[in-house]
Amino acid sequence: MIAPIPSSGAVSDHSSPLDSATEARARAICADHNNDPANLLEMLHDMQDEFGYIPSALQNVLADILNLGKAEVHGVISFYHDFRSSPAGKVVVKLCRAEACQSMGANGLIERILDRHNMSDFGTSSSGVTIEPVYCLGNCALAPAAMIDEQLLGRVSETSLDASIATHMQGGQS
Amino acid sequence: MSLIIENDHGTREGTGKPVTLWIDDVQVTVPEGSSVMHAASKVERPIPKLCATDSLDAWGSCRMCLVEIEGVRGTPSSCTTPVRDGMKVTTQNNRLERLRKGVMELYISDHPLDCLTCPTNGDCELQDTAGTVGLREVRYGMTGENHFEEASKAPIDVSNPYFQYDPSKCIVCSRCVRACEETQGTFALTIEGRGFDSRVSAGVGMDDFFSSDCVSCGACVQACPTATLVEKSVVEHGTPSRSVVTTCAYCGVGCSFKAEMQGNELIRMVPYKDGKANEGHSCVKGRFAFGYATHKDRQTEPMIRESYTDPWQKVSWDEAIAFAANRLKAAQAKYGQGSIGGITSSRCTNEEIYVVQKMIRAAFGTNNVDTCARVCHSPTGYGLKTTLGTSAGTQTFKSVEQSDVILLIGANPTDAHPVFGSRMKKRLRDGAKSIVVDPRRIDLVKSAHIRADHHIQLRPGTNVAVMNAMAHVVVTEGLVNEAFVSERCDMEEFERWRAFAAEERNSPESLADIIGVDPQELREAARLFATGGNGAIYYGLGVTEHSQGSTMVMAMANLCMATGNFGREGVGINPLRGQNNVQGSCDMGSFPHELPGYRHVGDDATRTLFEQDWGVELLAEPGLRIPNMFAAAIDGSYKGMFVQGEDIAQSDPNTSHVEEALKALDILIVQDLFLNETAAFAHVFLPGTSFLEKDGTFTNAERRINRVRPVMKEQSNLSEWEAVCRLSAAMGYEMSYDDPSQIMDEIARLTPSFAGVSHQRLDGGESLQWPVNDANPNGSPIMHVDGFVRGKGLFMVTDYVATSERSNRFYPLLLTTGRILSQYNVGAQTRRTENSRWHQEDIIEIHPHDAEERGIADGDHVSIASRMGATTLRAEISDRVPAGVVYTTFHHPLSGANVITTDNSDWATNCPEYKVTAVQVHRSNRPSDWQEEHKDKSQTHYRITIDAAE
């Protein structure tokens, strides 16, 4: 069976205090976007690119810089599943669950991949593989589609996914 | 009276020109900018809705309010569709019915079916709407995918003491989130997640409502159409069955509330939309903090004792009144007629205050009457009367919506006048500029969606220098509104003032060192105020409670006159009154030199008027002010005092001095709800009535006379005004009224500005702002419209004179004081409610630099010592205060904030200089001597003898 999608922002809260270097970088990123609240999404993308996730303590910093309520920032971050509140594993695997991919056997593929990594649900395995569902990668013609560490893959099979994951775990590109 | 259900028109009325349209063949005309939903509601064709409520902007998410409009494709939502001339709207037909039922089925398939056991059963818009649309089945069943199963597994958030959040009942209409943003302006709430995971969230991560930015104003509870956000009192007791419209008794905003009752039990206070001061909004105090009225500490029986060191004896009213009168008479016989007097309370009704000052003048035969306004807004009275001719703010609260530049000085509205603070924040979010003059970085300097254009972070005590510097810029840079000044002001005095302001010693550059602010910032602020459109000044006790309090009030009036900011919407000078009826207590003749209506006791015509009406001769000489009373008590010439609902032992400066004075009295009569700090020295205690038991009027800071109606019987079995009348009679002067409306009739008869005021008019639904007289039969929302009350506006030269209270190497820091949202003044009421959970003790804010120098860590106990005394508080390290300044609140008696404040006072009115005290702060691990003594006193002075029979 397919587990429901977790709401990424709300569930796990990686709320360790913020170190001053991270805060300084965050402030610099905001400054790159003119400290304009209209650019909040761009700032969040940059921060996730840089830190790998958006520490919840950063929400206060963002609220302060942009003169927003903390809750407002939290509302935006928690709406988008793509923003994570804790660090991902070594490899991030996004598996498409949209209609085209489902029709090409994505659901079974997902179950087997999760199983292989001893996972009952989406999340991060003990070996450091993060598996997430996506709707959709826009790669329908090449369903089932997947994305590993921002690299788009088409016509994936169990074997090809395993191989790609293994390559990325070793730090290489497939 | 049954439960009042206020109409909810769904969206606000527009403000444009009239537009005429047809709703189901009914013609209706509404202002442009109104929605179709609003127009339909106006002709009693209410359209079903869930996400719309008329305190908020339209949202258009629930899809219940769909209508058909001739010539328009589809079924637009009526809440987001503005009216157009000639529009033909159908609100109900088969198609719309089917659509609405379909939407409702989806809602209900994701809502628990537990209506009968739900707290808001019978008071639920979801339930009502299901009824209206004729929901009879839910085709999707209740077992499909939904949010409530998951949500009901999580515990209900009961962290807020007054309301709870149950996510399982939520329909994600966002009304709570929008109310927090639009109405309150706090931005504490959001919808987190998406789809079935959507939840109202009070912020980041693990925050619950209590730990979040929530200020517990109740706007979200008010907006919630289900039982998701609901008062705990309703959960516990059920929905109320009757309402009484009355007025909040906390600050000077004077919010109207519906007291919603079951029998004689008050279930909840609900802000009243028709209340002109608050228009349906509230704060944590007025909305929730009424539990003190039935607190176990409440004293409901009269008590007497020979000496303040004896235990109290409960006695009958007759015995207490006779004892009090005999003692007062004995004091007068021995020490002279002028040896007694009294103090009126700004917490009481106009009617109650009026009879107290009448008793003192007519029965005691002295003008020794003063009021707690002495220690807060007496400089306002003096300064505005001198310059403009009347002792009151010039605007309505709503006027701020037309302001372009708001100059906020020495006031912290988001904490002390929260409902007005929200109104001001809304205007600032909508684009008004702001200049905040305050040593401390208050929320109106920077908070969510608020950023002051200029924060003049002045050194405490240099207000007048700031005004002079701004005046200098206005005068020397050609920014005077010459047309306004020449038409409306006394030109000779203006020229004198202009020359004064232009002097180089008043330039920002010359004064910068004194003020401690960059002169360029001062120049820009002055230019903004003078040229930015409608300029309005709002101020608080940070202006008045200084040795130059009256000078400062006049300096602000000068600035407003010079820039032409009087006599219309959006401008003016506006004191934010601390107490519910400060304005009224001043109006009612509580000052030793003034009879009701601010008329001097030395004025023969006025005195004759009162003498004829009262049938007694009155003194032409002003009596003693509060500080003079204390001094005379210590001298031995002042021996008896009647204190109405005021805790002078806690609220007045230099506590040791006050206590010494009170101890020297032969007879101290305290009329109050509680055995307060002052009662520790009293001989007679007359139980007072809470605002829930009072019948009368309060006058708020915009001069609005609001009805206060009893929602329950007096717990003391005697109203305060009747107790005063009885004491007056026992002193030999009969005062007799059938009810408080007769007292108001007498006030109206004798006071020109109240000439047209009566309970009858107010009960008929009118809202009156004085003056209400022949010239202004319906009251005066804006003052000085065609000219100043005094004739020509009077510019006053306002030399800056530094206070004698200065820091030196022994007392290097300046202490200033303020308030916090959850507590009210000396805390007699709010400390006896759950509000104390937000503020259990007074703390002292100290700048990181000053803290580091002294080795003080956050949370340390520190001693704060001034030339007058010392006290110990916990420290909070905060950059809200600048280096060199420390800040505390004064809500808890044991904090002893006034043990350290000095005897300094305003030169004109004796208003104490609470806002500047030179202190030293150091780490401490024990309470101060005064605090130790005070604890001992609490053990002895409050003892009550318990009858053996009990």
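Since the structure is predicted, the reported quantities are computational estimates derived from the model, not experimental observations. (Residues numbered from 1 in each chain as written. Chains lettered and ligands numbered in written order. Predicted model: local features only at pLDDT ≥ 70, side-chain atom pairs only at ≥ 80, totals over all residues. Heavy atoms only, no water.)

Asks: Which residues make up the overall build of chain B, and what are the values?
Replies: Scanning chain B from N- to C-terminus turns up 31 helices and 36 strands. Considered along the principal axes of its C-alpha atoms, chain B spans approximately 90 × 80 × 65 Å. Residues counted as buried form 64% of the 950 residues belonging to chain B. Partitioning the contacts of chain B with sequence separation of at least 6, the portion at a separation of at least 24 is 72%. Per element, the accessible surface of chain B, about 33,400 Å² overall, is 48% carbon and sulfur. Side-chain charges of chain B comprise 93 positive and 124 negative groups, with the mean position of each set lying 3 Å from the other. (Helix = DSSP H or I, 4+ residues; strand = E, 2+ residues; numbered from the N terminus. Buried < 20%, exposed > 50% of the residue type's maximum accessible area, 1.4 Å probe, protein only. Contact = heavy atoms within 4.5 Å. Areas by Shrake-Rupley, 256 points an atom, 1.4 Å probe, with all protein chains shown as cover. Lys, Arg positive; Asp, Glu negative; His and termini not counted. Charge placed at Lys NZ, Arg CZ, Asp CG, Glu CD.)

Asks: Lay out unusual backbone geometry in plain terms, naming residues and giving numbers.
Replies: A cis amide bond, omega -20°, links Y135(A) with the succeeding residue C136(A). With respect to the element layout, C136(A) can be found in the loop between strand 3 (129-134) and strand 4 (146-148). Cis rather than trans, the peptide bond between A143(A) and P144(A) has omega equal to -10°. Along the polypeptide, P144(A) turns up in the loop between strand 3 and strand 4. Unlike most non-glycine residues, D149(A) shows phi in positive territory, near 45°. Tracing the chain through its elements places D149(A) in the loop between strand 4 and strand 5 (151-153). Phi is positive for F187(B), which is not a glycine, with a value near 60°.

Asks: I'd love a proper account of the pattern of salt bridges, names of residues and values included.
Replies: In total, this model carries 73 salt bridges over all chains according to the counting rule given. Where K94(A) meets E150(A), a salt bridge forms, and the shortest distance between an N and an O atom there is 4.0 Å. Of the two residues, K94(A) sits in strand 1 (residues 91-96) while E150(A) sits in the loop between strand 4 and strand 5, which places them 56 residues apart along the sequence. Taking relative accessible area as the criterion, K94(A) reaches 11% and is therefore assigned buried. On the basis of relative accessibility, which here comes to 62%, the residue E150(A) falls in the exposed class. R498(B) is paired through a salt bridge with E482(B); the nearest N and O atoms lie 2.9 Å apart. Of this pair, R498(B) sits in helix 16 (residues 491-502) while E482(B) sits in helix 15 (residues 482-488); the two residues are 16 residues apart in sequence, bridging distant segments of the chain. (Salt bridge = Lys/Arg side-chain N within 4 Å of Asp/Glu carboxyl O.)

Asks: Just give me the short version of the sheet that holds strand 2 (residues 123-124) of chain A, but keep the residues and values in it.
Replies: Residues and elements named next belong to chain A. A sheet is described by the order of its strands in space; here five strands give the open sequence 2-3-1-4-5, paired in mixed fashion. This sheet does not close on itself; its edge strands, each paired only once, are strand 2 and strand 5. In the sheet, strand 2 pairs with strand 3 via two bridges, with the strands oriented antiparallel. Bridged to T124 within strand 3 is T130. Sheet contacts for helix 7 (residues 158-169): strand 1, strand 3, strand 4 and strand 5; angle to strand 1, the most-contacted strand, approximately 155°. (Pairing = 2+ DSSP bridges. Axes fitted to C-alpha atoms, helices over the stretch in contact; angles between N-to-C directions.)

Asks: Describe the interface of chain B and chain A, listing the residues and the values that go with them.
Replies: Contacts between chain B and chain A engage 23 residues on the former and 21 residues on the latter. Buried area between chain B and chain A, both sides added, is near 1,700 Å², and the carbon and sulfur share of it is 50%. Across the chain B-chain A interface, the total number found is two salt bridges. Of the charged contacts, one joins D213(B) and K70(A) as a salt bridge, the two residues approaching to 3.5 Å between their closest N and O atoms. Applying the counting rule to chain B against chain A returns eleven residue pairs in polar contact (both at pLDDT 80 or more). Only strand 6 (190-192), strand 18 (446-447) and strand 19 (450-451) of chain B provide two or more residues apiece to the side of chain B that touches chain A. Per-element tally for the side of chain B that touches chain A: the top contributor is strand 6 of chain B, with three residues. Residues that form the side of chain B that touches chain A fall into these classes: eight nonpolar, seven polar and eight charged. (Buried area = accessible area lost by both parts, 1.4 Å probe. Polar contact = N/O pair within 3.5 Å; in protein donor to acceptor, adjacent residues only side chain to side chain. Nonpolar A, V, L, I, M, F, W, Y, C, P; charged D, E, K, R; others polar.)

Asks: Residues and numbers for the pairing of strand 1 of chain A, please.
Replies: Each regular strand carries side chains that alternate between the two faces of the sheet. Residue and element names in this part refer to chain A. When you tally the buried positions in strand 1, you get six out of six residues, the bulk of the element. Here strand 1 shows two buried faces, one formed by V91, V93 and L95 and the other by V92, K94 and C96. Inspection of the sheet shows strand 1 paired to strand 3 by six bridges, in the parallel sense. Paired with C96 across the bridge in strand 3 is V134. Relative to strand 4, strand 1 is paired through three bridges, and the arrangement is antiparallel. Bridge pairing links L95 to A146 in strand 4.

Asks: Any details on helix 17 (residues 508-515) of chain B? Residues and values, ideally.
Replies: Residue and element names in this part refer to chain B. Looking only at helix 17, the buried set comprises P508, L511, A512 and I515. Considered in projection along helix 17, the buried side chains sweep an arc of 130° and stay on one side of the axis. On its buried face, helix 17 is in contact with helix 14 (463-476) and helix 18 (519-531). A positive backbone phi angle near 85° is found at G516, which sits one or two residues after helix 17. (Arc of directions from axis to C-beta.)

Asks: Can you tell me about the environment of A465(B), naming the residues and giving the values?
Replies: Assignment of secondary structure puts A465(B) in helix 14. Note: C-alpha distance between A465(B) and G60(B) (405 residues apart in sequence) is 52 Å.

Asks: Before we move on, can you summarise the sheet that holds strand 22 (residues 572-575) of chain B with the specific residues and values?
Replies: Residue and element names in this part refer to chain B. Spatial strand order, 20-17-16-21-22: five strands in an open sheet with parallel pairing. If you trace the sheet from one side to the other, it starts and ends with strand 20 (454-456) and strand 22, each paired once. Neighbouring strand axes in the sheet, compared pairwise and without regard to direction, differ in orientation by 15° on average. One ladder, built from five bridges, connects strand 16 (residues 405-409) with strand 17 (residues 433-437); its direction is parallel. Paired with L407 across the bridge in strand 17 is I435.

Asks: Just give me the short version of a negative patch on the surface, but keep the residues and values in it.
Replies: All names here are of chain A. Side chains of D32, E42, D46 and D49 sit close together on the surface and give a patch of like negative charge. Examining the composition of the negative patch, we find that three residues originate from one element, helix 2 (residues 40-51), more than from any other. By secondary structure assignment, the location of D49 is in helix 2. (Patch = residues over 30% accessible without salt bridge, like charges linked within 9 Å, V, L, I, M, F, W, Y side chains within 5 Å.)

Asks: Outline the domain arrangement of chain A, supporting the account with residue identities and numerical values.
Replies: If you check the domain split of chain A, you get domain 1 (20-79) and domain 2 (91-169). Computed over C-alpha atoms only, the centres of domain 1 of chain A and domain 2 of chain A are separated by 29 Å. (Domains from an automatic or database assignment.)

Asks: I'd like to hear about the domain arrangement of chain B, residue by residue, with values.
Replies: Residues and elements named next belong to chain B. Here the domain parsing of chain B yields domain 1 (1-92), domain 2 (330-376 + 582-769), domain 3 (378-575) and domain 4 (813-940). The centre of domain 2, based on its C-alpha atoms, is set 30 Å off from the matching centre of domain 4. Each side of the interface is counted separately: domain 2 has 21 residues, and domain 4 has 25 residues. Here domain 2 and domain 4 share an interface that buries about 1,900 Å² over both sides, 47% of which is from carbon and sulfur atoms. If you look at where domain 2 meets domain 4, you find zero salt bridges.

Asks: I'd like a description of the packing of helix 23 (residues 626-635) of chain B against helix 25 (residues 655-663) of chain B, backed by residues and values.
Replies: All names here are of chain B. In contact at an axis separation of 8 Å, helix 23 and helix 25 are set at 55° when each is read in the N-to-C sense. Taken as axis vectors, helix 23 and helix 25 run oblique relative to one another. Helix 25 is crossed by helix 23, and the crossing has left-handed handedness. In contact with F630, A633 and I634 of helix 23, helix 25 contributes H657, V658, E660, A661 and L662. Residue composition of the contact of helix 23 with helix 25, by class: six nonpolar, one polar and one charged. (Parallel < 35°, antiparallel > 145°, perpendicular 65-115°, else oblique. Left-handed = near helix turned anticlockwise from the far one by under 90°.)

Asks: An account of the side chain of S863(B) is needed here, citing residue identities and associated values.
Replies: Locating S863(B) in the fold gives a position in strand 33 (residues 861-865). Contact partners of S863(B), with chain neighbours within four places excluded, come to A870(B), T871(B), T872(B), Q920(B), V921(B), H922(B) and S924(B).

Asks: Summarise the confidence of the model for chain B; cite the residues concerned and give the values.
Replies: Low pLDDT marks stretches whose predicted atomic positions should not be read closely. Overall, the prediction assigns chain B a mean pLDDT of 94, with 99% of residues at 70 or greater. For this predicted complex, the interface confidence score (ipTM) comes to 0.90, while the overall pTM stands at 0.93. (pLDDT = per-residue confidence, 0-100.)

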